[in-house]
Amino acid sequence: DQQVKQNSPSLSVQEGRISILNCDYTNSMFDYFLWYKKYPAEGPTFLISISSIKDKNEDGRFTVFLNKSAKHLSLHIVPSQPGDSAVYFCAASENGGQNFVFGPGTRLSVLP
Amino acid sequence: GAGVSQTPSNKVTEKGKYVELRCDPISGHTALYWYRQSLGQGPEFLIYFQGTGAADDSGLPNDRFFAVRPEGSVSTLKIQRTERGDSAVYLCASSYTGGETQYFGPGTRLLVL
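Residues numbered from 1 in each chain as written. Chains lettered and ligands numbered in written order. Predicted model: local features only at pLDDT ≥ 70, side-chain atom pairs only at ≥ 80, totals over all residues. Heavy atoms only, no water.

1. Considering the overall build of chain B
Secondary structure assignment for chain B yields zero helices and eleven strands. Listing each helix as α and each strand as β along chain B from the N terminus yields β-β-β-β-β-β-β-β-β-β-β. Here the C-alpha radius of gyration of chain B, 13 Å, is about what a compact globule of 113 residues would show, namely 13 Å. With the C-alpha coordinates aligned to their principal axes, the bounding extent of chain B is approximately 35 × 25 × 25 Å. Within the span of chain B, comprising 113 residues, buried residues form 45% of the whole. A fraction of 54% describes how many contacts in chain B between residues 6 or more apart in sequence connect residues 24 or more apart. When the accessible surface of chain B is split by element, carbon and sulfur atoms take 49% of a total near 5400 Å². (Helix = DSSP H or I, 4+ residues; strand = E, 2+ residues; numbered from the N terminus. Rg over C-alpha atoms; globule rule 2.2 N^0.38 Å. Buried < 20%, exposed > 50% of the residue type's maximum accessible area, 1.4 Å probe, protein only. Contact = heavy atoms within 4.5 Å. Areas by Shrake-Rupley, 256 points an atom, 1.4 Å probe, with all protein chains shown as cover.)

Structure representation (structure tokens):
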């Protein structure tokens, strides 16, 4: 049973528009969440994180929103750029643990 | 500076053979992680080292899998009696002390025939 779900396997967005990537989780004990980006043949690269004491964290073009009651988080990228085209993974851990559970990923394509 | 490196980048082996996968973390990073990523899935946690000791090995799927980090730097993931289902990309990551950003290597793609 997947504890972290990313129900959209792929997403296409026009350059300059907003990209919204969604992630749902089932374990209410998760209290720390991260987003990673992955290009082909490379390891994942950390993008942004959020702890459960916050509902929003922003870093440049990237903003992560957390809705604890819905067990849902989302990553907003605005404006989207062609270089953002990659697979995006949501990951979660509980109680400050290092056992991170990853979602299956969403492939984002930003069209010029 | 140098990032996390993993060798080999690709490994093809036959069912039943033994393989070793190596990870060189970023210098000075005390925390080291191994993940396995199958096609179409996200990385799956295997084991976490803090220094030389395995702080959490709850993700190792069975006793055919073992990992060591004898000097608190380089780590080796060892898989005995490989099975076709072990075919995946094995990712290594490190972080400064644990609990912050993990830096991933490019992975080793293992194919068991």
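2. What to know about the packing of aromatic side chains
Tallied over the full model, the rule gives 13 aromatic pairs over all chains. Centre to centre, the rings of Tyr25 of chain A and Phe33 of chain A are 4.8 Å apart; their planes meet at 40°, and the pair counts as tilted. Comparing Tyr25 of chain A with Phe33 of chain A, the two get one shared label, buried. Aromatic side chains Phe89 of chain A and Phe102 of chain A sit 6.4 Å apart centroid to centroid with 75° between the ring planes, which places their arrangement in the edge-to-face category. Taken as a pair, Phe89 of chain A in strand 9 (residues 86–94) and Phe102 of chain A in strand 10 (residues 101–102) lie far apart in primary sequence, 13 residues in all. With a relative accessible area of 2%, Phe89 of chain A lands in the buried category. Among the residues examined, Phe102 of chain A registers a relative accessible area of 8% and is labelled buried. Among the aromatic residues, those joined into a cluster by ring pairs are Tyr36, Phe46, Phe89 and Phe102 of chain A together with Tyr33, Tyr35, Phe45, Tyr48 and Phe104 of chain B. (Phe/Tyr/Trp six-rings, centres within 6.5 Å; stacked < 30°, edge-to-face > 60°.)

3. Examining the sheet that holds strand 3 (residues 19–25) of chain A
Pairing within the open sheet is antiparallel, and its five strands lie in the order 1-3-8-7-6 (chain A). Looking along the sheet, the strands with just one partner apiece sit at the ends: strand 1 (4–5) and strand 6 (56–59) of chain A. (Pairing = 2+ DSSP bridges.)

4. Quick notes on the pattern of salt bridges
Residues and elements named next belong to chain B. In this structure the tally under the stated criterion is six salt bridges over all chains. We note a salt bridge from Arg64 to Asp86, for which the minimum N-O separation is 2.8 Å. Residue Arg64 is found in the loop between strand 6 (53–56) and strand 7 (65–68), and its partner Asp86 is found in the loop between strand 8 (75–79) and strand 9 (88–95); the two are separated by 22 residues along the sequence. On the accessibility criterion, Arg64 (6% relative accessible area) is buried. Judged by its relative accessible area of 3%, Asp86 falls in the buried class. (Salt bridge = Lys/Arg side-chain N within 4 Å of Asp/Glu carboxyl O.)

5. Here's the deal with the interface of chain B and chain A
Interface extent is often summarised as the accessible area lost during association of the parts. Opposite the 19 residues of chain B that make contact, chain A presents 15 residues. Summed over both sides, the interface of chain B with chain A buries roughly 1300 Å², with 58% coming from carbon and sulfur. Linking chain B with chain A are zero salt bridges. The tally of links between chain B and chain A comes to four residue pairs in polar contact (both at pLDDT 80 or more). (Buried area = accessible area lost by both parts, 1.4 Å probe. Polar contact = N/O pair within 3.5 Å; in protein donor to acceptor, adjacent residues only side chain to side chain.)

Function cannot be inferred from these measures alone, as they are strictly geometric.
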